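Survey of secondary and tertiary structure
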Amino acid sequence: MSTPTGLIDVHHHAVPPLYAEALGERKAIPGVDYPTWAPERSLEVMDAHGIGAAVLSITAPGVTFLDGPDAPKLARRVNEYFAELVREHPARFGAFAILPLPDVAAAREELRYALDELGLDGAGVLTSYGQRYLGDPEFEPLFAEIAERGAAVHVHPATPSNRDLATFDLPASLYEFTFETTRTAVSLLFNGVLDRLPDLRLILSHAGGTLPFLARRLTYGPTIGAYLEDRAPADVIGTLGRLHYDIAMSANEFALPALTRLAGTGHILYGSDYPFMPASHTTENTAGFAAYDGWTEAERAEIGRANALRLLPTLAARLAS
């Protein structure tokens, strides 16, 4: 086992002061302790764990806690903050632009600004907005534009919108987040979005939630209900295998074998989930990544760095300069 160096962390959150101020006393994720964050602290954690660069993103609830024009305004301010931070640390930070969904028109406008003017590395979206998951037809024009641009999209779980859902007085991020990722992937599969947009470069959080375990089960749609014959994806397993998956909170002996079998090492990316998971978890997750014996060292290097560079060409260009 070798100590990893030069890792690229594609699941690394930021809490800009302007965002924290706008969020106020609201809980970002119900039941989850809200962390303190500063770029300097991220750099310290990165240096301690062999992380060369981190691609920053905003976690749930994004800007959905604001109404009307306030949501796009906050998204713009956050993205400009990200761009300035990347300018200050071009070899250490990248960023996924926050988009003011569910307003698709505003999201498309912000996408263009973030990519074309700010030079950010892709987009960050949540698994659902209200009662609508990403396979909802309303969102497809946005994803079609993203696919045409060849940009990457990091998909982070949201807190389930159903207020009557029993959570056993436990935080949604403990287990519901994995189901949220599964729900949105299934909506994309069975609404045909992934077949119509084969070039869409999605990165699913936390090893894809429960997708590696359920992948074969998802092929049984038309068997269970004949009405699904026309909606079933042409190739469920192949489609899931071409998506990308970060290993935040998942670099362990239970999750990695199934994920590797589904996606292959070419579609797996390193992630830490810092600071919503503390530095001690970054230590644990990085050790799990380094120790897993199901990969060769060449494959480990691919997962730790090369896959991200291939998926994020803007970041790759900065690191090469």
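Along each chain, residues carry numbers from 1 onward, in the same order as the chain's sequence is written. Under the rules for a predicted model, residues below a pLDDT of 70 receive no local features and side-chain atom pairs below 80 are neither given nor counted, while totals for whole chains, interfaces and linings still include all residues. Processing note: side-chain calculations cover all non-hydrogen atoms of the structure and skip hydrogens and water entirely.

We treat two strands as partners when DSSP finds at least two bridges between them. Put simply, DSSP H or I for four residues or longer makes a helix, DSSP E for two residues or longer makes a strand, and each gets a number counted from the N terminus. Spatially, the 8 strands line up as an open sheet ordered 1-2-3-4-7-8-9-10, and their pairing is parallel. Here the strands that pair on one side only, and so sit at the sheet edges, are strand 1 (7-13) and strand 10 (268-269). Bridging between strand 7 (residues 152-156) and strand 8 (residues 201-204) involves 4 bridges; their strand directions are parallel. Looking across to strand 8, one finds that A152 is bridged to R201.

What follows concerns a nonpolar patch on the surface. Side chains of F168, L170 and L174 sit close together on the surface and give an oily, nonpolar patch of about 340 Å² of accessible area. Turning to its location among the elements, L170 is positioned in the loop between strand 7 and helix 6 (172-190). Within the patch definition used here, like charges are joined within 9 Å and nonpolar side chains (Val, Leu, Ile, Met, Phe, Trp, Tyr) within 5 Å, considering only residues with over 30% relative accessible area and no salt bridge. Note that accessible areas follow from Shrake-Rupley with a 1.4 Å probe, and for residues the cover is restricted to the protein chains shown. We count a salt bridge whenever a side-chain nitrogen from Lys or Arg sits within 4 Å of a carboxyl oxygen from Asp or Glu.

A simple rule labels every residue: compare its accessible area, found with a 1.4 Å probe on the protein chains alone, to the largest value its type can have, and call it buried under 20%, exposed over 50%, or partly exposed in between. Along helix 11 (residues 255-263), the positions that sit buried rather than exposed are L256, L259, T260, L262 and A263. For helix 11, the buried positions fall inside an angular range of 165° around the axis, keeping them on one side. In this analysis, two residues are considered to be in contact whenever any of their non-hydrogen atoms come within 4.5 Å of each other. Packed against the buried residues of helix 11 are helix 8 (211-214), helix 10 (236-242), strand 9 (244-246), strand 10 and helix 12 (279-291). Residue G264 follows helix 11 closely and has a positive phi angle near 70°. By definition, the arc is the one covered by directions from the helix axis to the C-beta atoms.

In this section: unusual backbone geometry. In the segment running from A60 into P61, the intervening peptide bond is cis, with an omega of 10°. Inspection of the secondary structure puts P61 in the loop between strand 2 (51-57) and helix 3 (70-88). Cis geometry is adopted by the peptide bond preceding P102, which originates at L101 and carries an omega value of 15°. Considering the arrangement of structural elements, one finds P102 in the loop between strand 3 (93-98) and helix 4 (104-117). Its identity as a non-glycine residue notwithstanding, A207 has a phi of 60°, on the positive side. Following the sequence through the fold, A207 ends up in the loop between strand 8 and helix 8.

In this section: empty space enclosed by the protein. As defined here, a cavity is a set of points on a 1 Å grid over the protein atoms alone where a 1.4 Å probe fits but cannot get out. A pocket is an open set with protein on both sides within 12 Å along at least five of seven lines, and residues line them when an atom is within 4 Å of a point. Grid points are joined across faces, edges and corners, and a volume is the space filled by probe spheres set on the points. Applying the stated criterion across every chain yields a total of 1 cavity of 30 Å³ or more. The space that makes up the largest cavity amounts to roughly 90 Å³. Along the wall of the largest cavity there are 16 residues; nearest its centre are I58, G124, V125, L126 and Y129. Going through the elements one at a time, strand 4 (122-126) and strand 7 are the ones with two or more residues in the lining of the largest cavity. Counting residues per element, the lining of the largest cavity draws most heavily on strand 4, at 3 residues.

Function cannot be read off these values alone, since they describe shape.
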